[in-house]
Amino acid sequence: MSGPLISKPLTFALCACVALGLSCTHRKAVEAPPPPTEATAEAPPAPLQPGPGTTQARPEPSVAPAEHPEGGVASTELPTDLAVLNKAMYIKDPLFDTNSAELRPDAREILAADASWLKAYSTVKILIEGHCDERNTEEYNLALGWRRANAAKAYLVSLGVSAERVATISYGEERPFATCHDESCWSQNRRVHFVITAR
Amino acid sequence: MKNAPLLVGIAAFVLASALPAAGQEEVYLKVTSPGLSRVMIGLAPFPSRPGTDPEAAATLLTALRKDLDQTAVAGFVPEESAKLVVVDPSNALLTRQRWRAVGAQFLLDGTFSGAGNQVVLEVRLWDLTSGEVAYSRRLQGTVALAPTIAHTLANELVHLFTGRPGPFLSRIAFVSDRSGAKEIWVMRWDGSEAQQLTSHRSIALSPAWSPDGEWLAFTSFLRGDPQLFILRPTGGYFKPLSTLPGVNSSANFSPDGKLIAFATGDAGNTDIWIVPAAGGTPERLTHTLGISTQPAWSPNGRQIVFTSAAGGSPQLYVMDSEGTNVRRLTFEDKFADEAAWAPDGVRIAYTTLVENLFQVAILDLRTNIRTVVAGPGSNESPCWSPDGTMLAFVSNRTGTRQIFITDPVGRPRQITTDGNNIQPAWVAQVQ
């Protein structure tokens with residue numbers, strides 16, 4: 001299903017790369033990619049080399065370099081260790097307004113970049129966690145986090161990411177990113193968080 | 001001190017904990033009429049026959065005294081007055097008259113006996129006005145059950161005076177993080193004897209009792225996704241009830257104990273569903289847009305109150321238990337959630353928002369009048385005692401989140417201290 005959408009999303013991916021301040025150069029044997037904000041001279045690793053049984057499922061790497069001679073997508077592998085891969089934060093977390101699961105304009109931008117990356121690495125599977133600040137009841141926040149996670153998933157799917165690759169869960173207010181009790185933390189806790197569960 | 005006449009008769013802990021803060025009275029439930037004085041009971045020394053375990057007898061009496069001291073309706077004659085009563089072994093009538101002289105309206109006398117690990121208590125309650133025996137009872141159990149025997153007796157004494165059993169065998173299930181993860185715990189109604197029921201080391205939430213106290217439904221992230229589980233607190237039974245997509249939260253038993261309403265849904269929706277408590281196929285009740293959660297059955301089982309954000313902000317709605325006839329209940333609140341239907345069927349306690357803090361509100365369905373109680377900090381998750389005379393709720397006024405219950409005059413009393421303790425669920429007795 002991702003086949004017909006390959007070329008456009010890859011252009012997208014490259015734009016996203018640039019937008020994130022990354023120069024998209026070749027990169028080999030990635031051990032532990034630093035967070036993109038510090039990686040001004042380094043690109044996210046390119047899609048995996050097609051492995052056994054994945055040859056047909058992932059045509060992107062052969063297409064992309066041809067369309068983008070500047071070599072935006074390298075043919076190196078993503079880190080094998082999922083913990084390392086997740087630490088690299090290739091997929092950014094969008095934030096939400098209070099009591100809302102609506103995707104803000106900045107959240108849509110982030111999700112569009114995330115979608116491009118996911119389409120470039122089409123074997124990657126993710127879990128979207130919905131999170132909330134502490135200012136509702138536990139139960140309501142559980143439902144609100146569920147709504148946020150699924151709103152993010154629906155947007156990714158609308159941009160061409162296969163729904164089968166995206167699982168969702170809500171943690172409500174149970175797993176806050178920041179633990180203070182004011183807006184500086186609350187704004188960080190109203191988010192969906194992406195976890196790569198398979199590469 | 002305009003409350004002085006009432007407070008004089010009330011046990012010391014109430015005096016210590018319930019004096020109103022200057023200028024503001026945080027009274028949740030007006031359960032006793034002003035000026036009502038307690039029935040005073042003389043507690044005669046209970047002789048022990050040979051074979052009685054002296055420790056069990058002492059434990060039983062201590063528990064009995066403590067229980068009755070925590071009620072608004074009856075209390076024991078203070079020990080300094082009781083000491084003045086000279087017991088005349090050859091003249092029981094004269095002894096009872098002496099009890100009356102120190103303020104007792106009733107006299108509880110009794111005898112301990114026992115053999116092996118059994119303790120037997122035989123009691124009589126004398127009405128000192130009529131001179132008749134108003135109540136007599138023989139209670140027996142193992143030595144380890146001495147406190148339970150005391151609670152049973154205290155329950156029956158309160159029942160004599162109010163027509164309702166006391167709370168002394170009731171228990172509160174709750175969520176605590178004191179072990180490092182949110183687990184389900186259970187404690188006696190006064191906060192004593194806390195016991196950990198789950199060791200999932202993930203997140204366990206929203207415990208709900210079956211009305212008979214045999215089952216506890218709750219949500220756990222044990223297997224990754226939140227799922228609805230049911231367990232028997234006395235042990236030996238634990239299984240999933242709903243593994244549907246969604247949050248599988250907010251379980252609430254129907255009054256007959258046969259059905260469980262809960263909240264879940266796929267694709268980001270959360271709706272109210274019901275599932276047989278014995279297991280079976282869940283059935284969806286609501287088809288609202290967005291979030292519907294926190295169902296609570298009416299005591300007659302005909303209606304379910306729940307929270308829905310269909311109209312924007314979370315508000316309380318009520319529907320027939322088949323899912324029909326949905327209508328909105330709250331209009332004055334910026335936010336309304338966590339509805340708990342009182343056992344009397346005519347009041348609903350819930351959590352509202354006042355100046356960005358949660359507060360407990362009580363809606364009277366007969367008058368549609370809503371009373372908001374303003375306490376310090378955020379106060380949420382109200383839950384009725386099984387007899388409807390007390391409320392439990394969660395407050396962060398101490399800096400951590402703790403469970404409070406209302407005391408005999410409706411004021412808050414903290415009953416937990418260790419870690420954070422939330423989501424109280426109260427049942428008359430655990431089977």
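About the thresholds
Residues numbered from 1 in each chain as written. Chains lettered and ligands numbered in written order. Predicted model: local features only at pLDDT ≥ 70, side-chain atom pairs only at ≥ 80, totals over all residues. Helix = DSSP H or I, 4+ residues; strand = E, 2+ residues; numbered from the N terminus. Contact = placed C-beta atoms within 7 Å. Expected span 1.5 Å × (residues − 1). Buried ≥ 20, exposed ≤ 12 C-beta atoms within 10 Å, placed from the backbone. Domains from an automatic or database assignment. Nonpolar A, V, L, I, M, F, W, Y, C, P; charged D, E, K, R; others polar. Axes fitted to C-alpha atoms, helices over the stretch in contact; angles between N-to-C directions. Parallel < 35°, antiparallel > 145°, perpendicular 65-115°, else oblique. Left-handed = near helix turned anticlockwise from the far one by under 90°. Pairing = 2+ DSSP bridges. Core = buried A, V, L, I, M, F, W, Y, C linked by C-beta atoms within 7 Å. Right-handed = clockwise from strand over helix to strand, strands pointing away.

S.K.: Quick question: what am I supposed to make of the overall build of chain A here?
M.R.: Across its full length, chain A holds six helices and three strands. In chain A, once contacts between residues fewer than 6 apart in sequence are set aside, the share between residues at least 24 apart is 72%.

S.K.: I would appreciate a short explanation of helix 4 (residues 105-120) of chain A in the present structure.
M.R.: Structural remark: α-helix, 3.6 residues per turn; residues separated by three or four positions point the same way. Across its 16 residues, helix 4 of chain A extends 23 Å between first and last C-alpha, which sits within 8% of the 22 Å expected from 1.5 Å per residue. Listed as buried for helix 4 of chain A are A:Ala107, A:Ile110, A:Leu111, A:Ala113, A:Asp114, A:Ala115, A:Ser116, A:Trp117, A:Leu118, A:Lys119 and A:Ala120.

S.K.: Where do I start with the domain arrangement of chain B in this structure?
M.R.: Frequently, the measure chosen for interface size is the accessible area removed from exposure when the parts meet. All names here are of chain B. When the domains of chain B are assigned, the result is domain 1 (21-162) and domain 2 (171-427). Put simply, the middle of domain 1 and the middle of domain 2, counted by C-alpha atoms, are 35 Å apart. Contacts between the two partners involve ten residues from domain 1, matched on the other side by 13 residues from domain 2. Taken together, the residues of the side of domain 1 that touches domain 2 sort by class into five nonpolar, three polar and two charged.

S.K.: I would appreciate a short explanation of the packing of helix 4 of chain A against helix 5 (residues 138-158) of chain A in the present structure.
M.R.: Geometrically, a packed helix pair is captured by the angle between its two axes and the distance between the axes. Residue and element names in this part refer to chain A. Viewed as axis vectors pointing N to C, helix 4 and helix 5 meet at an angle of 55°, and their least axial separation amounts to 9 Å. Judged by the inter-axis angle, helix 4 sits oblique to helix 5. Viewed along their axes, helix 4 and helix 5 form a crossing whose handedness is right-handed. Along its contact with helix 4, which presents Arg108, Leu111, Asp114, Ala115 and Leu118, the element helix 5 presents Ala152, Tyr155 and Leu156. Broken down by class, the residue content of the contact of helix 4 with helix 5 amounts to six nonpolar, no polar and two charged.

S.K.: I keep staring at the sheet that holds strand 22 (residues 347-354) of chain B and nothing clicks. Help me out?
M.R.: Within a beta sheet, neighbouring strands are joined by backbone hydrogen bonds and run either parallel or antiparallel to one another. Residues and elements named next belong to chain B. What the four strands build is an open sheet, ordered 21-22-23-24; its pairing is antiparallel. With partners counted over all chains shown, the strands left at the sheet margins are strand 21 (336-341) and strand 24 (369-373), one partner each. Averaged over all neighbouring strand pairs, the angle between strand axes comes to 25°, with direction disregarded. Bridge analysis of strand 22 against strand 23 (residues 357-364) gives eight bridges, and the strand direction is antiparallel. Opposite threonine 351, over in strand 23, you have valine 360 as the bridge partner.

S.K.: Explain the nonpolar core to me, please; I cannot follow it from the model alone.
M.R.: One finds B:Ile41, B:Ala217, B:Ile260 and B:Leu391 to be the most contacted residues of the largest nonpolar core, which totals 156 residues. No other element matches the nine residues that helix 5 of chain A contributes to this core. The contact partners of B:Ile41, leaving out residues within four places of it in the chain, are B:Ala74, B:Phe76, B:Val77, B:Ala104, B:Phe106, B:Leu107 and B:Leu108.

S.K.: Help me understand the sheet that holds strand 20 (residues 327-328) of chain B, please; the structure alone is not making it clear to me.
M.R.: All names here are of chain B. Strand order in the open sheet made by the four strands is 17-18-19-20, with antiparallel pairing throughout. Because the sheet does not close on itself, it has two edges, and the strands there are strand 17 (292-297) and strand 20. Two elements, strand 19 (residues 315-320) and strand 20, share two bridges in a ladder whose sense is antiparallel. When the bridges of strand 20 are listed, tyrosine 317 appears paired with arginine 328.

S.K.: Would you mind showing me how to read the interface of chain A and chain B here?
M.R.: Contacts between the two partners involve 14 residues from chain A, matched on the other side by 24 residues from chain B. Going through the elements one at a time, helix 5 and strand 2 (166-172) of chain A are the ones with two or more residues in the side of chain A that touches chain B. Broken down by element, the residue count for the side of chain A that touches chain B peaks at ten residues, all from helix 5 of chain A.

S.K.: Is there a simple way to think about the pairing of strand 2 of chain A in this case?
M.R.: The side chains of a regular strand alternate between the sheet's two faces. All names here are of chain A. Summarising burial for strand 2: six of the seven residues are buried, a large majority. In this sheet, strand 2 lies alongside strand 1 (residues 125-131) in parallel orientation, the contact comprising six bridges. Looking at strand 2, one finds that isoleucine 128 is bridged to threonine 168. In this view, the connection linking strand 1 to its parallel neighbour strand 2 by way of helix 5 has right-handed handedness.

S.K.: Teacher, can you tell me more about unusual backbone geometry here?
M.R.: Note: most residues except glycine have negative phi, and most peptide bonds are trans. All names here are of chain B. Positive phi values are uncommon outside glycine, yet glutamate 355 reaches one of about 50°. Within the element layout of this structure, glutamate 355 appears in the loop between strand 22 and strand 23. With 7 C-beta atoms counted inside 10 Å, the residue glutamate 355 sits in the exposed group. Phi angles above zero are rare outside glycine, and asparagine 368 is one such case at about 60°. Locating asparagine 368 in the fold gives a position in the loop between strand 23 and strand 24.

S.K.: Would you explain the packing of helix 3 (residues 54-69) of chain B against helix 6 (residues 146-162) of chain B in this entry?
M.R.: All names here are of chain B. Look at helix 3 against helix 6: their axes get within 8 Å of each other, and the N-to-C directions meet at 35°. The crossing of helix 3 and helix 6 is right-handed. Residue-level contacts link Ala56, Thr59, Leu60, Ala63, Leu64, Asp67 and Leu68 of helix 3 to Ala146, Pro147, Ile149, Ala150, His151, Leu153, Ala154 and Leu157 of helix 6. Of the residues that constitute the contact of helix 3 with helix 6, the class distribution is twelve nonpolar, two polar and one charged.

S.K.: Whenever I open this one, the environment of B:Pro207 confuses me. Can you help?
M.R.: Structurally, B:Pro207 is set in strand 9 (residues 204-209). Along the primary structure B:Pro207 and B:Phe238 are separated by 31 residues, whereas in three dimensions their C-alpha atoms are 14 Å apart.

S.K.: Explanation requested: the pairing of strand 21 of chain B in the structure shown.
M.R.: Buried residues dominate strand 21 of chain B, accounting for six of its six residues. Between strand 21 of chain B and strand 22 of chain B, which pair antiparallel one after the other, the connecting turn spans five residues, and B:Gly345 there sits at a positive phi close to 80°.

S.K.: Would you mind going over helix 6 of chain B with me for this structure?
M.R.: Residues and elements named next belong to chain B. Between its first and last C-alpha atoms helix 6 spans 24 Å; for 17 residues at 1.5 Å apiece the expected length is 24 Å, and the two agree. Check the buried side of helix 6 and you find it contacts helix 3, strand 2 (74-76), strand 4 (118-127) and strand 5 (132-142). Taken from the residues just after helix 6, glycine 163 is the one with a positive phi, measuring 85°.

S.K.: Sorry, what's going on with the environment of B:Ala374 here?
M.R.: Residues and elements named next belong to chain B. Inspection of the secondary structure puts alanine 374 in the loop between strand 24 and strand 25 (379-384). Of the residues examined, alanine 374 has 13 C-beta atoms within 10 Å and is grouped as partly exposed. Separated by 27 residues in sequence, alanine 374 and arginine 347 have C-alpha atoms that sit 18 Å apart. When residues no more than four places from it in sequence are discounted, the contact partners of alanine 374 are Val354 and Gln359.

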